[in-house]
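Structural features, examined
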Amino acid sequence: MKKLDAFAGLNAVLFVVLCVFRYHARFVSYRGAGHLEEFFVYAGAILAGIVALWWRFRDWEFDTGLLVMLQVGILMHFGGAFIRIDGGRLYDAHLLGIRYDKFVHLVNALAVAALVSRVFRIQGIAPTPLNGLLLVLVVVGRGAVVELVDYLVVLTIPDNDVGGYDNNMQDLIAILCGSLIF
């Protein structure tokens, strides 16, 4: 079994177990049973993403350090939803005057930039300044897709807790910063 197979399998199982035993109950207590469609939109998108990425990259080799970096970003996301702090979610807490959610976006963008850099190397794409800009644009584009999912939730699910335009732009700024730090 390749590292990526184990990584994808572990994360699919982790996600399903967390959904069944923790995330669903936490979501219902935080958002209410009347908002379960929001939960299923995100759960479906995440599972589809895991499967699609595994399918696309299953024949390639990835370093353990890269997979650990991606796992840290994933665990930060789950921690933001599950860990309670000051009567609310960790996602809503502020660290150094910045909402924890923005740190999650930054770290995930950093990890995705490392992944894209590895894909570039596998594809034989030289590390030139122009290709560095392309890497940043790919990471920000991926972040924009995540923000589009958030926007679709805002449009289709009443009383969601996604945030508005300001939140989406701050998320994209954090994603840009993460990709530039890489």
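We now turn to the structure provided with this report. (Residues numbered from 1 in each chain as written. Predicted model: local features only at pLDDT ≥ 70, side-chain atom pairs only at ≥ 80, totals over all residues. Heavy atoms only, no water.)

**Notes on helix H5 (residues 129-156)**
The condition is simple: Only DSSP runs of H or I reaching four residues or more are called helices, and only runs of E reaching two or more are called strands; each is numbered from the N terminus. Each helix should span, by expectation, one fewer than its residue count multiplied by 1.5 Å. With a 1.4 Å probe rolled over the protein chains alone, any residue whose accessible area is under 20% of its type maximum counts as buried; one over 50% counts as exposed, and the rest are partly exposed. By definition in these notes, contact holds between two residues if any of their heavy atoms fall within 4.5 Å.
Compared with an ideal rise of 1.5 Å per residue, which puts 28 residues at 40 Å, H5 spans 41 Å between its outermost C-alpha atoms and is within 8% of the ideal. For H5, the set of buried residues is Asn 131, Leu 135, Val 136, Val 139, Gly 143, Glu 147, Asp 150 and Val 153. Looking at the buried side of H5, the elements it contacts are helix H2 (36-57), helix H4 (100-122) and helix H6 (165-181).

**Topic: the nonpolar core**
Our working definition: The definition of a nonpolar core used throughout is a set of buried Ala, Val, Leu, Ile, Met, Phe, Trp, Tyr and Cys residues joined through side-chain atoms within 4.5 Å.
Phe 15, Cys 19, Phe 78, Phe 82, Tyr 91, Tyr 100 and Val 104 are the most contacted members of the largest nonpolar core, which totals 15 residues. Excluding residues that lie within four positions of it along the chain, Phe 15 makes contacts with Ala 43, Ile 46, Leu 47 and Phe 78. Residues Trp 60, Phe 62, Leu 70 and Ala 114 belong to the second largest nonpolar core, which totals 12 residues.

**Quick word on the side chain of Asn 11**
With respect to the element layout, Asn 11 can be found in helix H1 (residues 3-31). The class for Asn 11 is buried, based on a relative accessible area of 4%. Those residues in contact with Asn 11, other than ones at most four positions away along the chain, are Ile 50, Gln 71 and Ile 74.

**Considering unusual backbone geometry**
In most cases, non-glycine residues show a negative phi, while peptide bonds are predominantly trans. The backbone of Asp 86 sits at a positive phi, close to 50 degrees, despite the residue not being glycine. By the secondary structure assignment, Asp 86 is in the loop between strand S1 (84-85) and strand S2 (88-89). Overall, Asp 86 belongs to the exposed group, its relative accessible area being 81%. One non-glycine residue, Leu 96, lies in the positive phi region at around 55 degrees. Structurally, Leu 96 is set in the loop between strand S3 (94-95) and strand S4 (98-99).

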